[in-house]
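Structural features, examined
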Amino acid sequence: METEKETPAPAGKPDEEWLRFLDTLSHELKTPLTSIIAAAGLLAEELEEKGEESYQKLIKNIIHNSHILETRLTELLAIVKAGDGRLRLQIGPVDMKSLLQGIGWQMAPLVQKKSQTLALDIPESLPIFQGDGQRLEQAVFNLMTNASKFTPDGGSISLRARQRITELIIEVQDNGIGISKEEQTKLFKPYARVNADRQKHPGLGLGLALAKQVVDLHGGRIWVESEPGKGSIFVIALPLPK
Ligand code: ADP
């Protein structure tokens, strides 16, 4: 049985006109993007058959970046919904072990591209969790892509999970550039993009804000332990039924 849960009222009333504008903008941009992705997919199939390798690379690049754009727009829409209380969870049983292993698979090409190592520590015995699997996947996936993005080539990333008394703990660790104490306080707010050096990495600064919204809606906690130059550990603690 799936039930719905609403976002708690946001701290500080969001500017309604601004939210409406962002809502319309992201919808308007998504529609043509969906057509671009579909057309590019068909073109990729054609080129695959014809064996034109240089064109195949180009089309793969178009598809890859269109998907990134799509993800950004999805994040934008979700954060707008969170801002005006429309973000809702679809609660059901979630097999956390499979969900996290799936994220590991999805991350493989990304980490390979940067010659990073990826270690998974996901015990067989993880309990089934009552929550919104898609949203939780989105939240953890964001932590993982950040871990890879903000870690130099050759670095290490790990994804761990365990049950700690009445909580399910998920940890994403990297040995990348790390985050200063001051920056850590802003991270989970929308559009928080810390120091100028990171501006070279693509992103809107919505992923962590969204992850926090999702974790909050599940009654959980999210935090970061980090030191500049030494890497970061992002931790999600989700309450298990007593
Ligand atoms: P985005 O990655 O789209 O900018 P996020 O909300 O996911 O948005 O992250 C916000 C900012 O937090 C990032 O721009 C980056 O400056 C910092 N950050 C997030 N994860 C890490 C990490 N693992 N290591 C270092 N900095 C990070």
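Residues numbered from 1 in each chain as written. Predicted model: local features only at pLDDT ≥ 70, side-chain atom pairs only at ≥ 80, totals over all residues. Heavy atoms only, no water.

1. Looking at the layout of surface pockets
- By volume, the largest pocket is sized at about 1000 Å³.
- Around the largest pocket, the lining comprises 28 residues; the ones closest to its centre are His64, Ile68, Leu110, Phe141 and Thr145.
- Of all the secondary-structure elements, those providing two or more residues to the lining of the largest pocket are helix 2 (53-83), helix 3 (96-113), helix 4 (133-149) and helix 6 (207-217).
- With 11 residues, the top contributor of residues to the lining of the largest pocket is helix 4.
- Here the lining of the largest pocket is composed, by residue class, of 9 nonpolar, 12 polar and 7 charged.
- Inspection of the lining of the largest pocket shows a minimum of three residues originating in each of domain 1 (3-83) and domain 2 (89-239). (1 Å grid on protein atoms, 1.4 Å probe; cavity = no way out; pocket = protein on both sides within 12 Å on 5 of 7 lines; lining within 4 Å. Points joined across faces, edges and corners; volume = space filled by probe spheres on them. Helix = DSSP H or I, 4+ residues; strand = E, 2+ residues; numbered from the N terminus. Nonpolar A, V, L, I, M, F, W, Y, C, P; charged D, E, K, R; others polar. Domains from an automatic or database assignment.)

2. Describing the environment of Met144
- Looking at the element boundaries, Met144 is found in helix 4.
- In this structure Met144 comes out as buried when scored by relative accessible area, which is 0%.
- Note: C-alpha distance between Met144 and Ile103 (41 residues apart in sequence) is 8.3 Å.
- Residues in contact with Met144, not counting those within four places in the same chain, are Ile103, Met107, Leu118, Ile157, Leu159 and Val172. (Buried < 20%, exposed > 50% of the residue type's maximum accessible area, 1.4 Å probe, protein only. Contact = heavy atoms within 4.5 Å.)

3. Section: a nonpolar patch on the surface
- Nonpolar side chains collect at one region of the surface, where Trp18, Phe21, Leu25 and Leu29 lie side by side and expose about 380 Å² of accessible area between them.
- With respect to the helices and strands, Trp18 occurs in helix 1 (residues 16-50).
- The class of Trp18 is partly exposed, set by a relative accessible area of 45%. (Patch = residues over 30% accessible without salt bridge, like charges linked within 9 Å, V, L, I, M, F, W, Y side chains within 5 Å. Areas by Shrake-Rupley, 256 points an atom, 1.4 Å probe, with all protein chains shown as cover. Salt bridge = Lys/Arg side-chain N within 4 Å of Asp/Glu carboxyl O.)

4. Considerations on the sheet that holds strand 3 (residues 117-121)
- Taken in spatial order, the 5 strands line up as 3-5-6-8-7 in an open sheet, and their pairing is mixed. Of all the strands in the sheet, the pair left with one neighbour each is strand 3 and strand 7 (221-227). Strand-to-strand twist across the sheet, computed as the mean angle between neighbouring axes with direction ignored, equals 15°.
- Where strand 6 (residues 167-174) and strand 8 (residues 231-239) come together, 8 bridges link them in antiparallel fashion. (Pairing = 2+ DSSP bridges. Axes fitted to C-alpha atoms, helices over the stretch in contact; angles between N-to-C directions.)

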